[in-house]
Amino acid sequence: MTEEIVAYEPIGVIQSPFDSPEGMPVQPIGASDAVGTVEVDDAYADGLMDLEGFSHCILLYHFHRAGDDVSMQVEPFLDETDRGLFSTRAPQRPNRIGLSVVQIDSVDGREVNVRGIDVVDGTPLVDLKPFVPDFDVPDDADTGWMDASTSTVRSKRADDRFC
Ligand SMILES: C[S@@+](CC[C@H](N)C(=O)[O-])C[C@H]1O[C@@H](n2cnc3c(N)ncnc32)[C@H](O)[C@@H]1O
């Protein structure tokens with residue numbers, strides 16, 4: 001077991017239309033109409049320079065409303081079978097880090113206006129990176145058990161199992 005403790009402070013906050021983890025989309029593909037704002041703290045505003053040239057960005061954030069009961073096998077939203085936690089995107093994990101690729105509508109001061117947001121309003125932002133298909137999309141990716149069709153993911157809504 002590693003001895004080092006890693007601690008981060010949020011660099012900002014994500015505003016979204018969703019007040020609760022329950023009943024909301026489970027991935028950005030199901031939230032294409034959901035508009036949100038990523039607001040970085042003043043100290044980091046200059047770091048948004050040049051971001052407007054990218055159509056999408058990667059948000060890394062803390063699932064602050066996830067429950068404490070972390071299991072190594074979970075039934076994910078997109079299946080009816082238990083799966084190893086690390087083969088899922090379940091929010092309830094040892095380090096509650098979430099990742100979403102969202103569309104950038106505009107960058108305005110310390111705010112990034114985004115679309116396709118699948119997080120609860122007030123989610124603490126840990127990092128933001130540009131999405132670059134050549135870096136981030138392998139052309140030979142296999143997706144294991146996660147064979148839910150695109151239309152299933154689009155219409156799927158979360159329940160309270162990870163709260
Ligand atoms: C399945 S996770 C996927 C999130 C991200 N796209 C990922 O893959 O890491 C999305 C679900 O997490 C829950 N959720 C979103 N924001 C949360 C937060 N701040 N705290 C706890 N749960 C959250 C909601 O139930 C939402 O439907």
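In this text, all values refer to a predicted model and were calculated from it rather than measured experimentally.

Draft legend 1. How the structure looks around the packing of aromatic side chains. Overall, the coordinates contain two aromatic pairs when judged by the stated rule. Each ring, one from Tyr-61 and one from Phe-63, has its centre 5.4 Å from the other, and the planes form 85 degrees; the classification is edge-to-face. Phe-63 carries the same exposure label as Tyr-61, and that label is buried. Between Phe-77 and Phe-162 the ring centres are 5.1 Å apart and the planes differ by 75 degrees, which places this aromatic pair in the edge-to-face class. Residue Phe-77 is found in the loop between strand E4 (73-74) and strand E5 (83-84), and its partner Phe-162 is found in the segment after helix H2 (150-155); the two are separated by 85 residues along the sequence. Neither residue differs from the other here; Phe-77 and Phe-162 are each classed as buried.

Draft legend 2. Layout of the site of the ligand. Taken together, 22 residues form the shell around the ligand, and within it Pro-21, Pro-25, Arg-89, Asp-118 and Thr-123 come nearest. Between the ligand and the protein, one listed contact pairs a nitrogen atom with a backbone N or O atom of Arg-65 at 2.9 Å. One nitrogen or oxygen atom from the side chain of Ser-100 is found 3.3 Å from a nitrogen atom belonging to the ligand. By residue class, the composition of the shell around the ligand is 14 nonpolar, five polar and three charged.

Calculation notes
Residues numbered from 1 in each chain as written. Predicted model: local features only at pLDDT ≥ 70, side-chain atom pairs only at ≥ 80, totals over all residues. Heavy atoms only, no water. Phe/Tyr/Trp six-rings, centres within 6.5 Å; stacked < 30°, edge-to-face > 60°. Buried < 20%, exposed > 50% of the residue type's maximum accessible area, 1.4 Å probe, protein only. Helix = DSSP H or I, 4+ residues; strand = E, 2+ residues; numbered from the N terminus. Near = heavy atom within 4 Å. Polar contact = N/O pair within 3.5 Å; in protein donor to acceptor, adjacent residues only side chain to side chain. Nonpolar A, V, L, I, M, F, W, Y, C, P; charged D, E, K, R; others polar.

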